[in-house]
Amino acid sequence: MNDQPRNRTNIELRPDSKYLNRNHNGYKLSLDPVPTYRTDLAPSTQPDRVSPSDHRYSHLRLYGMQNHLVADPWTAGQSYYIDRSGMVQCVQCDPSCGKLRPLVAVYKLRLADRDADQRYNRSLAFPSDRLCLVCDGTGTLHVLDTGERGGGREWKPQTVVKDAALDGVLMDARWVVHSSERLLHVVTLQLARGEAVKANGNGAQTLHWSTLVQAEPGGQWTLSVTRTLGSKGYPYYCALDYQATGVLVASDHPFRFVHDSLHPVAPVDPEPAPDPEPTETTYAWERYPFTWSQSEDELSVTFAKQADVQYRVRQTANSSIQVYANDVLVVDSAKLFATIDITTACWTQDANKLELTLPKSVPGAIWPVLLPGGPDESGTDGPTEQHADPAPNLDVPLEDCDLGPDDTYYTLERIASDHTVTHSVWLGRVAPLFAVRLRADQPSAIVLRYDVDACVWQLQPSPATDGCHLRHEGTLHTFGYVQAAKQQQKYLDCAPDLSYGVICESQRSVFLYRSSYGASGAGLRHRSGTPVAVGQLQYVTLENAGEIVGVSCANRSMLLLTERAVVAVQVSPDEE
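Bear in mind that the values here come from a model prediction, so they are computed numbers and not experimental data.

*Asks:* For this particular structure, what's the right way to read the overall build of the protein chain?
*Replies:* A tally of regular secondary structure across the protein chain gives four helices and 38 strands. Here the protein chain holds 576 residues, and the buried ones make up 51% of them. For the protein chain, the proportion of contacts with a sequence separation of at least 24, taken over those separated by at least 6, is 58%.

*Asks:* Where do I start with the packing of aromatic side chains in this structure?
*Replies:* Each aromatic ring pair is characterised by the separation of its centres together with the angle its planes make. Counted under the stated rule, the structure contains 15 aromatic pairs. Ring centres of tyrosine 80 and tryptophan 155 lie 5.0 Å apart, and the angle between their planes is 50 degrees; this geometry places the pair in the tilted category. Of the two residues, tyrosine 80 sits in strand β5 (residues 78-82) while tryptophan 155 sits in the loop between β10 (140-145) and β11 (156-162), which places them 75 residues apart along the sequence. Classification of tryptophan 155 as buried rests on a relative accessible area of 3%. A centroid spacing of 6.4 Å and a plane angle of 75 degrees characterise the contact between phenylalanine 434 and phenylalanine 479, whose relative ring orientation is edge-to-face. Here the residue phenylalanine 434 occupies a position in strand β28 (residues 434-436), and phenylalanine 479 occupies one in helix α4 (residues 479-485), the gap between them amounting to 45 residues.

*Asks:* It is not clear to me how the side chain of arginine 414 should be interpreted in this structure. Could you clarify?
*Replies:* Along the chain, arginine 414 turns up in strand β26 (residues 410-416). There is a polar contact of 3.1 Å between the side chain of arginine 414 and the side chain of threonine 245.

*Asks:* How should the sheet that holds strand β17 (residues 246-251) be read in this particular structure?
*Replies:* Across a sheet, strands are paired by hydrogen bonds formed along the backbone, either parallel or antiparallel in direction. The strand order across the open sheet built from five strands is β1-β27-β26-β17-β16, with neighbouring strands paired in mixed fashion. Only two strands of the sheet have a single neighbouring strand rather than two, namely β1 (9-11) and β16 (235-240). Within this sheet the neighbouring strands show an average axis-to-axis angle of 20 degrees, counted without direction.

*Asks:* Help me understand the sheet that holds strand β38 (residues 565-570) in this model?
*Replies:* If you trace the four strands from one edge of the open sheet to the other, you get β3-β38-β37-β36, paired in antiparallel fashion. Of all strands in the sheet, those bounded by a partner on one side alone are β3 (36-40) and β36 (548-553). Pairwise comparison of adjacent strand axes, ignoring direction, gives a mean angle of 15 degrees for this sheet.

*Asks:* Would you mind going over the environment of asparagine 25 with me for this structure?
*Replies:* You can see asparagine 25 is positioned in strand β2 (residues 24-29). The sequence separation of asparagine 25 and alanine 533 amounts to 508 residues, and the corresponding C-alpha distance is 5.8 Å. A distance of 2.5 Å separates a polar side-chain atom of asparagine 25 from the backbone oxygen of asparagine 23.

*Asks:* I keep staring at the pattern of salt bridges and nothing clicks. Help me out?
*Replies:* Where side chains of opposite charge bring their charged atoms close, a pairing between them can arise. For the coordinates displayed, the defined rule picks out 20 salt bridges. Between glutamate 473 and arginine 471 there is a salt bridge, with its nearest N and O atoms 2.8 Å apart. Taken together, the shared-partner salt bridges in this structure form one network comprising Arg49, Lys490, Glu547 and Glu563.

Definitions and cut-offs
Residues numbered from 1 in each chain as written. Predicted model: local features only at pLDDT ≥ 70, side-chain atom pairs only at ≥ 80, totals over all residues. Heavy atoms only, no water. Helix = DSSP H or I, 4+ residues; strand = E, 2+ residues; numbered from the N terminus. Buried < 20%, exposed > 50% of the residue type's maximum accessible area, 1.4 Å probe, protein only. Contact = heavy atoms within 4.5 Å. Phe/Tyr/Trp six-rings, centres within 6.5 Å; stacked < 30°, edge-to-face > 60°. Polar contact = N/O pair within 3.5 Å; in protein donor to acceptor, adjacent residues only side chain to side chain. Pairing = 2+ DSSP bridges. Axes fitted to C-alpha atoms, helices over the stretch in contact; angles between N-to-C directions. Salt bridge = Lys/Arg side-chain N within 4 Å of Asp/Glu carboxyl O.

Structure, rendered in structure tokens:
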């Protein structure tokens, strides 16, 4: 696997204060009825699902938590799923009354002869307003010309591609025009099975990034490039950037390139590099030892005074702090593991010791080492991969239910098509909550926990091909807190305008969290007399509907797909 961390830019996500509400006091249960409309499904139109034959976490998550109801981001109010007969069904609400319209079958898949326990669930993606991709779970990708999807016309196949790289579940797809070429970029997730599981110990996940080229408008698509990224972790978020020059992946283990049909992946030398020849500069810290420790914000480096040793601290013209012992350079801030804030660095010296305080340029990041080949941190047995959790607001401490396992940490990385990791975001022990498509022409936004809130971060367009800027688009107030308390949660989602969030359990229960209770604030006031900022919780119960297998949120309605029915939930606009 190829990794070049030296080129990586570490990003610190700072929420926009105008989207935060420190006075939000949670949600108040409303007993008002929620308008719901239900259509029971005939056996042949019930959603197609495959149960996992493997009981490892990655298999259970992919098979058990896949959202089978896919919203069309280009046509408001329309969603699609694939039924047992292989028919792609369109589900839509009547915008005038909110009731469900009859199902419309738009395309029929030719079912492959393959055992159910050997295939993946079928999946859909909408890369443009006139294209749909359907993966049948056995390695066949259907590129469909949908026309204007609002008319309910039957879709026509443009190309059917069969390849092992397409044997998986669609994670993202993007249609781009580059140098007059029409390209389709497709990312599928594939899990290790059989002998591959034994070879990789606990198994491995692979993301296949495939590129299809169309020679002329309306013509055939040809598979031109295949790339593969591997990891022992699970991709909790995966999205191609605007020009499909990189893929953003959030996981508990990093994904790295293992195959590229266009540019071969540089092999990794399994043998460790030989140690450099001992020199005075390389082992200066052994002759003039020091200790170091760190907090989330700063480093502390301490030299215990030795007889006949003169210590001197020098700040160079290129903003570097250097420590000399008998004119031998021992520490140079330009060669540390990461950068420090020179402007606020300070040091003190007395008869017993020299102590330097070096603030970190990126607070919250825990350094595994101070400098390459240097001494271990004081109080540790050696280099460690453990990191502290970000605590952006110490007035609201994290609780046990907010965190994942003690040895699990998450990062969000942008991995470019040239195999380099260009940008990285440290997420700590809290996994991404979910992804949401805010606008049709943009990649999916990622929703991250911040204190008790859930902040929505959207990738922004960049003139540079390797740019990566995430902007805080909005906040679901107190949603992170209530989500952490739901032990039976299955799906998390929200409206594109962020007016409400939803938590669906596997069976029966759906919790609707609206950002505002109205102008009166549910009639609650502080002792000072000021109104309490409170949201509204509405509870929807689905009787005799079977397991919930899909959810799709619009600004004024929500669609639920269960084993036996389709349910439309009307969400009235907030009262100001």
